[in-house]
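# Summary of the model geometry
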Amino acid sequence: MIVRMPRYLKKTRIIAAVIFLLLLISVGIKLGIVIGIDKWLTASLGNNSFSLGDTIMTIVSALGSPLATFIYAVVIAGLLYFSNLRIPAIWVLATYISGLAIGEILKVAVGRARPTGHLASGYAFPSNHALTTFIVITIIFVLILPNLSSSRLQIWFGWGTATFGLLLLEAVIYLQDHYLSDVIAGATLGIVWVTLWVWLYEKYARTLHDKIPALKYDAV
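Note that the structure is predicted; figures quoted are calculated from it, not measured.

Ranked by internal contacts, the top residues of the largest apolar core, which has 50 residues, are Trp91, Val92 and Leu143. Listed by contribution, the elements that provide at least two residues to this core are α1 (7-28), α3 (51-63), α4 (66-81), α5 (86-110), α6 (128-144), α7 (151-174) and α8 (180-211). The element that contributes the greatest number of residues to this core is α6, accounting for 11 residues. Excluding residues that lie within four positions of it along the chain, valine 92 makes contacts with Ala73, Ile76, Ala77, Leu80, Ile139 and Leu143.

Bringing the packing of α5 against α8 into the picture now. At a minimum axis distance of 10 Å, the contact between α5 and α8 shows a crossing angle of 140°. By the angle class used here, α5 and α8 are oblique. Crossing of α5 over α8 shows right-handed handedness. Here Ile87, Pro88, Trp91, Ala94, Thr95, Ser98, Gly99, Ile102 and Leu106 of α5 lie close against α8, whose contacting residues are Leu189, Trp193, Val194, Trp197, Val198, Tyr201, Ala205, Leu208 and His209. Residue composition of the contact of α5 with α8, by class: 14 nonpolar, four polar and no charged.

Further remarks concern the packing of aromatic side chains. Under the counting rule described, the total for this entry stands at four aromatic pairs. Residues tyrosine 81 and phenylalanine 82 carry aromatic rings whose centres are separated by 5.3 Å and whose planes lie at 85° to one another, so their mutual orientation is edge-to-face. Ring centres of tryptophan 91 and tyrosine 201 lie 6.2 Å apart, and the angle between their planes is 75°; this geometry places the pair in the edge-to-face category. On the criterion of sequence distance, the pair formed by tryptophan 91 in helix α5 and tyrosine 201 in helix α8 is long-range, its members being 110 residues apart. For tryptophan 91, a relative accessible area of 4% puts it in the buried group.

Let us now look at a nonpolar patch on the surface. A cluster of nonpolar side chains, namely Ile59, Leu63, Leu67, Phe70, Ile71, Tyr72, Val74, Val75, Leu79 and Ile97, defines an oily patch on the protein surface of about 910 Å² accessible area. Sort the elements by how many residues they give to the nonpolar patch and α4 lands first, with seven residues. For tyrosine 72, the position within the fold is in helix α4. For tyrosine 72, a relative accessible area of 31% translates into the label partly exposed.

Parameters at a glance
Residues numbered from 1 in each chain as written. Predicted model: local features only at pLDDT ≥ 70, side-chain atom pairs only at ≥ 80, totals over all residues. Heavy atoms only, no water. Core = buried A, V, L, I, M, F, W, Y, C linked by side-chain atoms within 4.5 Å. Buried < 20%, exposed > 50% of the residue type's maximum accessible area, 1.4 Å probe, protein only. Helix = DSSP H or I, 4+ residues; strand = E, 2+ residues; numbered from the N terminus. Contact = heavy atoms within 4.5 Å. Axes fitted to C-alpha atoms, helices over the stretch in contact; angles between N-to-C directions. Parallel < 35°, antiparallel > 145°, perpendicular 65-115°, else oblique. Left-handed = near helix turned anticlockwise from the far one by under 90°. Nonpolar A, V, L, I, M, F, W, Y, C, P; charged D, E, K, R; others polar. Phe/Tyr/Trp six-rings, centres within 6.5 Å; stacked < 30°, edge-to-face > 60°. Patch = residues over 30% accessible without salt bridge, like charges linked within 9 Å, V, L, I, M, F, W, Y side chains within 5 Å. Areas by Shrake-Rupley, 256 points an atom, 1.4 Å probe, with all protein chains shown as cover. Salt bridge = Lys/Arg side-chain N within 4 Å of Asp/Glu carboxyl O.

The structure is reproduced here in structure tokens:
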């Protein structure tokens, strides 16, 4: 299958799910140690900001915004679609859009305020920047890296996307858009969400291929 679960993600998704659930519970009940670490780290980064750092982190944040990551998802889906891989293309967009929707539902359900002084409206937990960025990164690890012909390119591309993801987490904390727990929750939810949709793909992609005449010549 074009979309398949890498072996290392089978364990990673369990760890990510546990971390996300622990953070969800901790933030929900306002656990003192988690809230304390969040506020301390946000204040520390805010007190040590500098102009070049502000510029770099603003650029990274923009490149990892929900709008930017949606464009990445559309580009990936478009390339797949025009390569007669329409089921994987649909899978990419469905995974991304449903993940963003789940993030918005959780934001409202948890109702956590953003760090003090942040001007944007909306809630903080989980971070949509982290969620959508790690949805795209995990899609890359599931769909693109295994199909690259060069192992060296796989390594460089994999490390590059992972490094950007970590830098994005730092950027939104540095800019005081989110707390540490918000971004870790967003990242882990992104990983878990993609692996859930990989399972759905493995279970139902062949059925869609066989039952929809327009898709019968597509690879799955």
